[in-house]
Each structure stands twice: as structure tokens, then as C-alpha cells.
Amino acid sequence: CETWPVRKSDQTRLEVFERQCQRRITRIPFNKRISNENLGVLVNQKMSVAQTVTSRRWTYLGHVLRMKDSRIPKQTFYAIPPIDWKRPRGGVNATLMRQTCKEAEQFIMKPYGLSRKQYNRDWLYHLADLASDRHQFRQIVVVASDTALR
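Please read all numbers here as calculations on a predicted model, not as lab measurements.

**Side note on the overall build of the protein chain**
Then, number 1: Across its full length, the protein chain holds seven helices and zero strands.
Then, number 2: Counting helices and strands in the order they occur from the N terminus, the protein chain gives α-α-α-α-α-α-α.
Then, number 3: A burial count over the protein chain gives 29% of its 150 residues as buried.
Then, number 4: A separation of at least 24 residues holds for 56% of the contacts in the protein chain among residues at least 6 apart in sequence.
Then, number 5: Surface summary for the protein chain: the accessible area is close to 10,800 Å², and the carbon and sulfur share equals 54%.

**Points about the packing of aromatic side chains**
Then, number 1: Across all of its chains, the model carries two aromatic pairs by this definition.
Then, number 2: Aromatic pair Phe77 and Tyr78: ring centres 5.7 Å apart, planes at 85°, arrangement edge-to-face.

**Description of the nonpolar core**
Then, number 1: Counting residues in each nonpolar core, the largest one holds 17 residues, and the members touching the most others are Trp58, Leu61, Leu65, Phe77, Leu124, Leu127 and Phe137.
Then, number 2: Breaking this core down by element, the ones donating at least two residues are helix H3 (49-65), helix H5 (96-112), helix H6 (116-132) and helix H7 (134-146).
Then, number 3: Among the elements that take part in this core, H6 stands out by supplying five residues, more than any other.
Then, number 4: Leave out the neighbours within four places in its chain, and Leu65 touches Lys74, Phe77, Tyr78, Leu124, Leu127, Ala128 and Ala131.

**Some thoughts on unusual backbone geometry**
Then, number 1: A positive phi is found at Arg27, a non-glycine position, where the angle reads about 60°.
Then, number 2: Mapping Arg27 onto the fold places it in the loop between helix H1 (8-26) and helix H2 (36-42).
Then, number 3: Phi is positive for Asn44, which is not a glycine, with a value near 55°.
Then, number 4: Among the structural elements, Asn44 can be located in the loop between H2 and H3.
Then, number 5: Among the residues examined, Asn44 registers a relative accessible area of 57% and is labelled exposed.

**Comments concerning the pattern of salt bridges**
Then, number 1: Taken as a whole and assessed by the stated rule, the structure comprises one salt bridge.
Then, number 2: Two residues, Lys74 and Asp69, come together in a salt bridge whose shortest N-O distance is 3.1 Å.
Then, number 3: Overall, Lys74 belongs to the buried group, its relative accessible area being 9%.

**Points about the confidence of the model for the protein chain**
Then, number 1: Averaged over every residue, the pLDDT of the protein chain is 81; the share at 70 or more is 85%.
Then, number 2: For the protein chain, H5 is the element with the lowest average pLDDT, namely 74, and H1 is the one with the highest, namely 89.

**Some points on the packing of H3 against H7**
Then, number 1: Across the interface, H3 lies against H7 with an axial gap of 8 Å and an inter-helix angle of 155°. Taken together, the axes of H3 and H7 lie roughly antiparallel to each other. Helix-helix and strand crossings are classified by hand; for H3 and H7 the assignment is right-handed. Taken together, the residues of H7 that come into contact with H3 (itself represented by Gln51, Thr54, Ser55, Trp58, Thr59 and Gly62) are Phe137, Ile140, Val141, Ala144, Ser145 and Asp146.
Then, number 2: Tallied by class, residues from the contact of H3 with H7 come to five nonpolar, six polar and one charged.

**Observations regarding H1**
Then, number 1: The terminal C-alpha atoms of H1, which comprises 19 residues, lie 27 Å apart, in line with the 27 Å expected from a rise of 1.5 Å per residue.
Then, number 2: Listed in full, the buried residues belonging to H1 are Gln11, Glu18, Gln22 and Arg23. Summarising the axial view, the buried residues of H1 lie within an arc of 135°, below the 170-degree limit, and thus occupy one face. Facing away from the buried side of H1 by over 90 degrees, the exposed positions are Arg13 and Arg24.
Then, number 3: Of the surrounding elements, those touching the buried residues of H1 are H2 and H3.
Then, number 4: Phi turns positive one or two residues past the end of H1, at Arg27, with a value near 60°.

What counts, and at which threshold
- Residues numbered from 1 in each chain as written.
- Predicted model: local features only at pLDDT ≥ 70, side-chain atom pairs only at ≥ 80, totals over all residues.
- Heavy atoms only, no water.
- Helix = DSSP H or I, 4+ residues; strand = E, 2+ residues; numbered from the N terminus.
- Buried < 20%, exposed > 50% of the residue type's maximum accessible area, 1.4 Å probe, protein only.
- Contact = heavy atoms within 4.5 Å.
- Areas by Shrake-Rupley, 256 points an atom, 1.4 Å probe, with all protein chains shown as cover.
- Phe/Tyr/Trp six-rings, centres within 6.5 Å; stacked < 30°, edge-to-face > 60°.
- Core = buried A, V, L, I, M, F, W, Y, C linked by side-chain atoms within 4.5 Å.
- Salt bridge = Lys/Arg side-chain N within 4 Å of Asp/Glu carboxyl O.
- pLDDT = per-residue confidence, 0-100.
- Axes fitted to C-alpha atoms, helices over the stretch in contact; angles between N-to-C directions.
- Parallel < 35°, antiparallel > 145°, perpendicular 65-115°, else oblique.
- Left-handed = near helix turned anticlockwise from the far one by under 90°.
- Nonpolar A, V, L, I, M, F, W, Y, C, P; charged D, E, K, R; others polar.
- Expected span 1.5 Å × (residues − 1).
- Arc of directions from axis to C-beta.

Here is the structure:
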């Protein structure tokens, strides 16, 4: 789950499934109107499924960024496909790297005052620096999981 790219449609399906399970747990019929927030309060929900997936992805990313360069997960994360390679048709366009880049824009580019050009070139190095400080990176994980649905 940590490396899966989650599309908006996947996120919506997870949310629908989560609400169905919560309704079954609380025995609230589907024809009774209740807001998602109230349903979450009834089951004492701390994090949604989307927030949990985002939190785990960022936690795993920090783990990979702190690994030695010789480790296979780190080499895979930094790998660049050959120039003549083409992705097969169909499937998901998003990769862990692309999704992380898009999400990291909020946490690196804006606070560090980087321009778009600087960010596109250096975002991964800034993220690796942040990951080396576990306490600071845990705070980023919390912020990332809180903004997962926004």
C-alpha cells in the first residue's frame, strides 16, 4: 500500500467502502441521512482511509530516503528508465515519484521559498535533508495526512 499510486477515483471508492463499513458497524440504515463527519464521530474515527494511506506512504518514503545508497528500494526509487523505454498502454500514469513530487510541493516549495524551476530540479534533495531529521519529517507526515483529502 505504501508504494501504490492512488488516483482520485481510487480514493473515492475507498471512502465509499469506508462509509459503508461504518454504517454496518453502527447499524445505521442507508436511507437515514447522516453526515460523514457525524458518522466518523459515532465510530470514533481518528483518520480516514485516504489519510492512513497518505501517512503510510510518506512514512515509507522517509524510511527509503534514510537508507544507504546501496539498498535496492532506494535504487529503485531513484531509478530512471532507459531513454528508449516506453510505458505500456493502459494502467496508471502516476508513479510513487510523481505523486510524491506533487504532494511535496506544498511542504518544500512554499516554506523554503523555492521557485518552480528550483523546485523541479532540487525537490528530492530537500526532501532527503528533511528525512534525515526524523522528528521534523514526522511533522511533515502528519501535515501530509491531514491534507490528504484536500
